[in-house]
Amino acid sequence: MATIDKISAILNTKIEIPFKVKARESIHTNPFAGSILPADIFEGTQLKSQNKAKMIMSAIAGSFSKFSKIVEPVAAFCNKVKENVSSAWNYAKTTTLSDLGNSVVEKISTIRKNAEMNKISEKMSVSELETAWLNELKTMEAAA
Amino acid sequence: MNKKISQIIDALTMHQDNDSIRVLETLGTNSSDNDIREKTSRALVKKNVHDSLKVVIINEGKGINDLSPVVAMSTINEILALKDKTEVLHILEDTINMHSSETVRENAASVKSLLAL
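Every value quoted in this text rests on a predicted model; they were computed, and no experiment measured them. (Residues numbered from 1 in each chain as written. Chains lettered and ligands numbered in written order. Predicted model: local features only at pLDDT ≥ 70, side-chain atom pairs only at ≥ 80, totals over all residues. Heavy atoms only, no water.)

A word on the overall build of chain B
Of the regular secondary structure elements, chain B holds seven helices and zero strands. In chain B, which comprises 117 residues, the share counted as buried stands at 48%. Of the roughly 5800 Å² that chain B leaves accessible, carbon and sulfur atoms contribute 49%. (Helix = DSSP H or I, 4+ residues; strand = E, 2+ residues; numbered from the N terminus. Buried < 20%, exposed > 50% of the residue type's maximum accessible area, 1.4 Å probe, protein only. Areas by Shrake-Rupley, 256 points an atom, 1.4 Å probe, with all protein chains shown as cover.)

The following block contains the structure:
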């Protein structure tokens, strides 16, 4: 009988199961229930607007960098045109009409000389060739 | 050398008219410019006719007898380059045998010996 009492006593005692998982602490669904709230639970409206502004700005900056890539050659071209215009203007300022006249005369004489050069061939008569030679000697003497 | 004169000499070289020899002799071989004399002498040799070859072989101070060694050597080279040497040999023979100037005769003999090589 004593043995039976012992066994019943053992059975009545609560045995703690070592691997039993403890029930989780209940999560406050109501943040105003009294516990301290973490600071980042709510996102401020100001923060949101800042992020949006950042996004817009980064988008603008990105697009601007792409745009600048396109614009660069255009800018270089414009600079070149500007330089050419300025050099042409300088030339126009420094060159007098007589200079222009001289250059035109020189060009015409060069063209005439080249035309004469092309004209000389064995198809010309000996007297013509002789005259051309004598004229050339005269020109050389005059130049010297 | 003046480009135009060079072209005129080339044109006269190709000319069939015998008067071209006269022009080359008068204006070319009497020029004070060595380059013109050289080109003219070569042009006269290239013609390879009796009258033109005579100018550069028998005349003192012209062609092979030019005082400029460049002109003389250039003329000799042109003579050596001729395909038909019959006429030039004939003139050289006559020059060696009959010319009054000893220098001209010696020069002609030298050219003839070069041709024989």
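Looking at helix α3 (residues 34-47) of chain B
In this model α3 of chain B runs 20 Å from its N-terminal to its C-terminal C-alpha over 14 residues, within 8% of the 20 Å that 1.5 Å per residue would give. Taken together, the buried positions of α3 of chain B are Ile36, Arg37, Glu38, Thr40, Ser41, Ala43, Leu44, Val45 and Lys47 of chain B. Buried positions along α3 of chain B lie against α4 (126-143) of chain A together with α1 (3-14), α2 (19-29), α4 (50-58) and α5 (69-80) of chain B. Its side-chain oxygen at 2.8 Å from the backbone nitrogen of Asp35 of chain B, Asp33 of chain B defines the N-terminal cap of α3 of chain B. Positive backbone phi, at 55 degrees, marks Asn48 of chain B, one or two positions downstream of α3 of chain B. (Expected span 1.5 Å × (residues − 1). Contact = heavy atoms within 4.5 Å. Polar contact = N/O pair within 3.5 Å; in protein donor to acceptor, adjacent residues only side chain to side chain.)

A look at a nonpolar patch on the surface
Taken together, the side chains of Ile56, Met57 and Ile60 of chain A make up a nonpolar region of the molecular surface, amounting to roughly 300 Å² of accessible area. Checked against the element boundaries, Met57 of chain A lands in helix α2 (residues 45-94). (Patch = residues over 30% accessible without salt bridge, like charges linked within 9 Å, V, L, I, M, F, W, Y side chains within 5 Å. Salt bridge = Lys/Arg side-chain N within 4 Å of Asp/Glu carboxyl O.)

Some remarks on the interface of chain B and chain A
Chain B puts 21 residues into the contact, and the matching count from chain A is 16 residues. Interface area for chain B against chain A, summed over the two sides, is near 1700 Å², with a carbon-plus-sulfur share of 75%. Sorting the residues of chain B by area buried against chain A places Lys4, Ile8 and Leu27 of chain B first, and these three jointly supply 36% of that buried surface. Between the two partners, chain B and chain A, sit two salt bridges. A salt bridge links Arg22 of chain B to Glu130 of chain A; its shortest N-O distance comes to 3.1 Å. (Buried area = accessible area lost by both parts, 1.4 Å probe.)

Quick look at the nonpolar core
Counting residues in hydrophobic clusters, the biggest one holds 33 residues, and the most contacted among them are Trp133 of chain A together with Leu12, Ile57, Ile79 and Val88 of chain B. Listed by contribution, the elements that provide at least two residues to this core are α4 of chain A together with α1, α2, α3, α4, α5, α6 (86-98) and α7 (102-116) of chain B. Looking at which element gives the most residues to this core, the answer is α1 of chain B, with five residues. (Core = buried A, V, L, I, M, F, W, Y, C linked by side-chain atoms within 4.5 Å.)

Notes on unusual backbone geometry
Its identity is not glycine, yet Asn48 of chain B carries a phi of approximately 55 degrees, on the positive side. Along the polypeptide, Asn48 of chain B turns up in the loop between α3 and α4.

A look at α7 of chain B
All names here are of chain B. Between its first and last C-alpha atoms α7 spans 21 Å; for 15 residues at 1.5 Å apiece the expected length is 21 Å, and the two agree. The set of residues buried in α7 consists of Val104, Ala108, Val111 and Leu115. Buried residues of α7, seen end-on, are gathered within an arc of 65 degrees and therefore sit on one face of the element. Close packing links the buried residues of α7 with α4, α5 and α6. A distance of 3.4 Å separates the backbone nitrogen of Thr103 from a side-chain oxygen at the start of α7, and that oxygen is part of Ser101. (Arc of directions from axis to C-beta.)

Section: the confidence of the model for chain A
Regions with low pLDDT should not have their predicted coordinates read in detail. Per-residue confidence for chain A averages 72 on the pLDDT scale, and 60% of its residues sit at or above 70. Averaged over each element, pLDDT in chain A is lowest for helix α3 (residues 97-119) of chain A (71) and highest for α4 of chain A (90). (pLDDT = per-residue confidence, 0-100.)

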